[in-house]
Amino acid sequence: MAAWEENVRKVVPYTPGEQPNRSDIIKLNTNENPYPPAPGVAEILREMDVQGLRKYPDPTADDLVSALAEYHGLQKEQVFVGVGSDDVLAMSFLTFFNSQKPVLFPDITYSFYDVWAELFRIPYQCQPLDEKFQIRTEDYLKDCGGIVIANPNAPTGTWKELAELEQIIAGNPEVIVIIDEAYIDFGGKSAFSLLPKYDNLLVVQTFSKSRSLAGMRIGYALGNQKLIKYLNDAKYSFNSYTMDTVTIAMGVEAVKDKVYFRQTLQKVINTREWTQKQLKKLGFVFQDSQSNFIFASHPNIAARDLFEALKAEGIYVRYFAKPRIDNYLRISIGTDQEMKALISFLEQYLGENL
Ligand code: PMP
């Protein structure tokens, strides 16, 4: 090892799902939305003033912040935007988790949490989910440096009732509780309604799933003005221009089109319900999903074998070779046609291999 390497900040990075550069596959591995973004988003690209790009973007991303504030019925000062919710969450870890006490999150959850904690040298302690992959409220009612909970959880797809989440938020007035709601639009109840009651609550959402804009990278946090001010202070100490001009304009269009948003959500939900029925018929076991993916296991076939067989067929799902979840597949909801192809293949494969 070279002498200088001793002083390098070494990290084990998060591994994102595969993004193969092929159009001939059925891609159900990264919880993307199978439908295009709202029509107004394409309009922005068509009419884009390329000349305008010589200027820096608005560092406050005011148009987008205003659109989101209006959508949620909040003040602009209660909204923070970033480059996907990954950016917003990372900035929140940096800003709010500065205690010597450990930050708490589940042992099976979004696998970026421990990566950020390691990167920023934040002490943390994973709380084991129970055998049904549920969070135990009592595990989060103890002295700690902060809490982050994905609701619905990923990759397990389980979710927690708002009343139970409220117990955790109310029971931890001395630290910030982050509720990561990447999948909330597909069925769960947002903790957003608790914002007026709790000044230690930060709700994080994304445009990547329900608004079909994973490729543009937009995420945001909602919280009281003080929290958002602290987040902005950290952001302006790091990179003033996180959101580019085009992304800001596209994000506004996505938020404005409520009708398209609701229609697209409903299509994904309908397909999810159909897929759940079919998977059940095939003997798969899973918790009822309120998100745009199903986390399923089959009692008689190893998930890794299924994962490989699906991949060979050009159907990509996500497999995690990790303790407790290495016999599960996380299957994103695609179009009806894509899910029919998935089910037909599974029928055939199980017929031949059981
Ligand atoms: N939180 C959870 C629970 C997720 O599954 C994801 C998607 N990988 C994210 C946050 C980040 O999403 P994005 O950065 O695309 O907003």
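Remember, it's a predicted structure, so these values are computed and weren't measured experimentally.

## Describing the side chain of Ser 297
Secondary-structure assignment places Ser 297 in the loop between strand E9 (293-296) and helix H9 (303-312). Using a relative accessible area of 11% as the deciding quantity, one classes Ser 297 as buried. Only 3.3 Å separates the side chain of Ser 297 from the backbone oxygen of Asn 327, close enough to count as a polar contact. Residues within four places of Ser 297 in sequence aside, it is in contact with Gly 283, Phe 284, Val 285, Asn 327 and Tyr 328.

## Considering the site of the ligand
In the vicinity of the ligand, 13 residues are found, and the nearest of them are Ser 85, Asp 180, Tyr 183, Thr 206 and Ser 208. Between an oxygen atom of the ligand and a side-chain N or O atom of Tyr 183, the distance comes to 2.7 Å. A distance of 2.5 Å separates an oxygen atom of the ligand from a polar side-chain atom of Thr 206. Taking 400 Å² as the accessible area of the ligand by itself, protein coverage stands at 91%. Ranked by residues supplied to the shell around the ligand, first place goes to helix H3 (residues 84-96) with four residues. Tallied by class, the residues present in the shell around the ligand amount to five nonpolar, four polar and four charged.

## Description of the domain arrangement of the protein chain
Assigned domains of the protein chain: these are domain 1 (20-36 + 259-353) and domain 2 (39-256). Its C-alpha centre places domain 1 at a distance of 26 Å from the equivalent point of domain 2. Domain 1 puts 26 residues into the contact, and the matching count from domain 2 is 31 residues. Per-residue buried area on domain 1 facing domain 2 is highest for Phe 261, Gln 290 and Arg 324; these three make up 31% of the total on that side. Counting every contact that joins domain 1 to domain 2 gives one salt bridge.

About the cut-offs
Residues numbered from 1 in each chain as written. Predicted model: local features only at pLDDT ≥ 70, side-chain atom pairs only at ≥ 80, totals over all residues. Heavy atoms only, no water. Helix = DSSP H or I, 4+ residues; strand = E, 2+ residues; numbered from the N terminus. Buried < 20%, exposed > 50% of the residue type's maximum accessible area, 1.4 Å probe, protein only. Polar contact = N/O pair within 3.5 Å; in protein donor to acceptor, adjacent residues only side chain to side chain. Contact = heavy atoms within 4.5 Å. Near = heavy atom within 4 Å. Areas by Shrake-Rupley, 256 points an atom, 1.4 Å probe, with all protein chains shown as cover. Nonpolar A, V, L, I, M, F, W, Y, C, P; charged D, E, K, R; others polar. Domains from an automatic or database assignment. Buried area = accessible area lost by both parts, 1.4 Å probe. Salt bridge = Lys/Arg side-chain N within 4 Å of Asp/Glu carboxyl O.

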